[in-house]
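Summary of structural features
Here is how the chains run, residue by residue.
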Amino acid sequence: MKLRLILLVLSLVAVLSAATGGFLYYDALRTDAVEEAERQSLERVRTLKKSFSAFLSENIKPVRSLAGLEQLRHGLAEPDDAAALEGANRILDHFNRTLDTEVCYLMDRRGQTIASSNRMDDDSFVGENFAFRPYFQSAVQGRPATYLALGTTSGRRGAYYSHPVRADDRPEPIGVVVIKASIELIERELVSGQDEIVLVTDPHGVVFISNQTQWLYHSIQELSDDGRDQIARSLQFGEGPWNWIGIRMEGERHAVDLQGNGYLVQRAALDPYPGWNVIHLRSLAAIARTFSDPLIRIAGPSILALCILIGGSVFFLYRKASGDIFRRQAAEAALRESEERYRSLYHHTPAMLHSIDTNGRLVSVSDYWLENLGYTRDEVIGRKLTDFFTDSSRRYAEETVIPGFFQTGFCKDIPYRFVKKNGDIIDILLSAVSDRATAGRPVRSLAVSIDVTERKRAEEALQQAQQELQRHSQDLERQVRKRTEEVTSILKQLRRLSGSIMDSQEKERKAVARELHDELGQLLTALRMDSVWLRDRLKETDAKASERALTMCTLIDKTIDGVRSMAIRLRPGVLDTLGLVDALEWATSDFEKRTSITCFFNHGPAPIIKDTLATAAYRITQEALTNIARHAGANRVDVSLGVESGVLNLVVSDDGRGFDPQHLAESFGLGLAGMRERASLVGGSLEVQSGQRMGTQVRFRVAIDPEGSD
Amino acid sequence: MIKVLLADDHSIVRAGLRRIIEESGEMGVIAEAADGREALRKAHEHLPDVAVIDISMPSCDGLEAIRLLRNDYPQLPILVLTMHEEGQYVVRAIEAGAMGYITKQSAPEQLVKAICKVHGGHRYLTDEAAEALALRVAKGSQGRSPLDTLSMRELQVLRRLALGNTNREIARAYHISIKTVDTYRSRILKKLELRNNAELSRFAIQHGLIEP
């Protein structure tokens, strides 16, 4: 109800504001219009004045020209000469026609008209005397003049331009020539406006030119009898009675007529005629119409539309407000229901929930909370939460957690210990958020506690187990380290042993090979020499014995071959005396000879290398070749030896069936292990690349030390 | 009478050799040495016409002894007499300055002939030794040669092919299979950018592997 009243008042205020605004706007517009009209009037009156002035001086020059013409002088000099008068009349006719004036005429010194352009008309001036006219009086004394007056003969208004006509030898004029121009024309042309009234008045205030013809020869003010007499005497404006037009001036700018209509007034002096004025009147009502008419035309529908809009708005807002009120009532009901539900939820949630106020006192707890701690609701509400804590938890809460909590607004997983009613202690983790009032000040907390007694117990047990485990693992690690050291040292010993075994084996072989080759071989050759000698010696005497010696010689040759080949297999002398390249050259050609497998040996410049290195390289090649001969089924073997940036590179590759490195025949594996052992003993590396039907490549690489070669 | 210096570390061998030399009637052993150093000293003392030297001797080995003798007595022909059959030794010995090379095994048959030959200012080499030498000299003498790309065995096969040996003959000579010989042949042709055996012969002559 209240809302509806407010709406009503508001709409009234709106209407009132609109009306006031409208009025003020209207007033401002009107003031503007009046100012504008004044400006226009001033402008208008200036224009009129200029036009009148121009018109009234229009014929000054023509009349001077006319006065100078010979024919007029001639006419004046010989007034009785018909030809002379005719000449003057023709000139006058010509000027009247050319200038489009009302009449041109010539007077003698007495004011008698002797020639005129209207001599043929009914109102002919010829013979008329205009000596009473001021323009004549001025001209006959030698001064040209202009004059405004109502014609005494024609009864038509005009502007008179007079000029003296002089004979060649005399200074005083012999006559006066006059051009009369009609006023009606200029009146029609210049004074055409509808809203305005234009008056041209003489010094007495008599209206001589106007667009209000009813006011012609009336006065703009009440004339005194004296004034009236003067005007009558001058014969300037007919016979009168020159009544008042009925408009009274109020100040310089305003005037009021008899009906009470107001006018805006502007006046200006008509300069060529002293005392004459141009007066411009404009009706105030007409001014008002110029702005009010369009305003009403535009504003009328706008006001109507505004009214409809305001009415519509009020109706719409009223409807809206009613809807809002209904909705708010429904929302309040829903809120009440929701609060009820929340409360029920809070109490029945199977979690330990509680809320405390800023003093730390319990304001609500959930059923589960009570159940867990063994209290009833009446026993706990209003008591401090910390009353249910152990001493250490209480100190921790009061000194640290609660003050911090009401500042930050939350806390998470705070470990507390609750004391149950029966005295048992449980471990919990408490998390809480603060419930703030609208001002942002916390008013209470909403906290949930999780019973972690079991978890904590389990964690402790786990930790203990982990420590135990760690201890064991450390023990184990220590033992492993110890064993590793032992094994490493054994390995080192073994490596040393293996190295020394190989070394001594090489020495042994070298010695045996030398022994065989040099000692036994030499002895055999000596024996052979003897047997040859025997053979040759006995050839003559004992053919049988000689033959026997030959057999012996052949046997010795075989033995020598056997010994040599035995020695060379043990260790080729070439390796010791000529070096690795020659040894490999021999070994590859020997391999080719023995196995019928094509064997290419390529080498770069012969490297200078240590004896041990050469032995290793030679033995590796030998082992690789042995493997190829036994297992590879190869058609071709490539052995290459090269040195590249201080690294000896020996490659033995075949095009055989290859092998799967995972599954090696035992002998082959042993051979490979031997090669590796030899490679590592001299600090080199051995790579074996192989694959089914891809051949095998054995690559031995070792850094050579050119300085320490021995 | 040719004066021979005999250097060998085995006295029994020396005795055998001395007998062979002296029985020829054309030459005699004027001095014996058991090692390289002694050989030098004896050469100095006796100024032999020919030196017969074993390659493998203690203290100063045969190759070194040859070099030293050549240095002191450039005109002294040296014949190498050795247990070693391997071609590699031949090349080294000739490089060191020896004029001839025979094995001890062939001494009874060839020694006298060889001494005569070297004494006459000629080389004396067995077929195998001559071949090994020719190949090595051909390969080693000519700066950057297309022969550098060939292995020793390839050179052997090339030489034999150039001499007009058949694949079978070559296989027998080197104790390798005929197929291997063929493989070598195509490999040689490819390496030297040759087309057939005729071009191969021309190449061998140009590079001094065989006499024209």
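Structure: see above.
What to know about the interface of chain B and chain A
- Residue-level contacts link 25 residues of chain B with 29 residues of chain A.
- When residues of the side of chain B that touches chain A are traced back to their parent elements, those giving at least two are helix H1 (11-23), helix H4 (87-96), helix H5 (107-119), helix H7 (152-163) and helix H9 (178-192) of chain B.
- If one sorts the elements of the side of chain B that touches chain A by residue count, H1(B) sits on top with five residues.
- Taken together, the residues of the side of chain B that touches chain A break down into nine nonpolar, eleven polar and five charged.

A few points about the sheet that holds strand E6 (residues 124-125) of chain B
All names here are of chain B.
- Spatially, the six strands line up as an open sheet ordered E2-E1-E3-E4-E5-E6, and their pairing is parallel. Of all the strands in the sheet, just strand E2 (27-33) and E6 have a single pairing partner and so form its edges.
- As defined by bridge partners, strand E1 (residues 2-7) adjoins strand E3 (residues 50-53) across four bridges and the pair is classed as parallel. Considered in E3, the bridge of Leu 5 is made with Ala 51.
- In the packing of helix H3 (residues 62-72) onto the sheet, contacts are made with E1, E3 and strand E4 (78-82), and the angle to E3 comes to roughly 165°.

Overview of the environment of B:Tyr89
All names here are of chain B.
- Turning to its location among the elements, Tyr 89 is positioned in helix H4.
- Put simply, Tyr 89 and Leu 63 are 26 residues apart on the chain and 9.3 Å apart in space, counted from C-alpha to C-alpha.
- Not counting chain neighbours up to four residues away, the residues in contact with Tyr 89 comprise Ile 55, Thr 82 and His 84.

Description of unusual backbone geometry
- In the Ramachandran plot, A:Tyr217 falls in the positive-phi region, its phi being about 60° despite a non-glycine side chain.
- Tracing the chain through its elements places A:Tyr217 in the loop between strand E7 (207-210) and helix H7 (225-234).
- Positive phi outside glycine occurs at B:Glu193, with the angle close to 55°.
- Looking at the element boundaries, B:Glu193 is found in the loop between H9 and helix H10 (197-206).

Conventions adopted
- All residue numbers refer to position in the chain's written sequence, counted from 1.
- Following the order in which they are written, the chains are lettered starting with A and the ligands numbered starting with 1.
- Where totals are concerned, whole chains, interfaces and linings use all residues; where local detail is concerned, this predicted model gives features only for residues with pLDDT of at least 70, and gives and counts side-chain atom pairs only at 80 or more.
- Whether two residues are in contact is decided by their C-beta atoms, placed from the backbone, lying within 7 Å.
- In this text, helices come from DSSP runs of H or I with a minimum length of four residues, and strands from runs of E with a minimum of two, each type numbered from the N-terminal end.
- Residues are grouped as follows: Ala, Val, Leu, Ile, Met, Phe, Trp, Tyr, Cys and Pro are nonpolar; Asp, Glu, Lys and Arg are charged; all remaining types, including Gly, are polar.
- Pairing between two strands requires that DSSP report at least two bridges joining them.
- Here an angle of 0 to 180 degrees is reported between the N-to-C directions of two axes, which are lines fitted to C-alpha atoms, with helices fitted over the stretch in contact.

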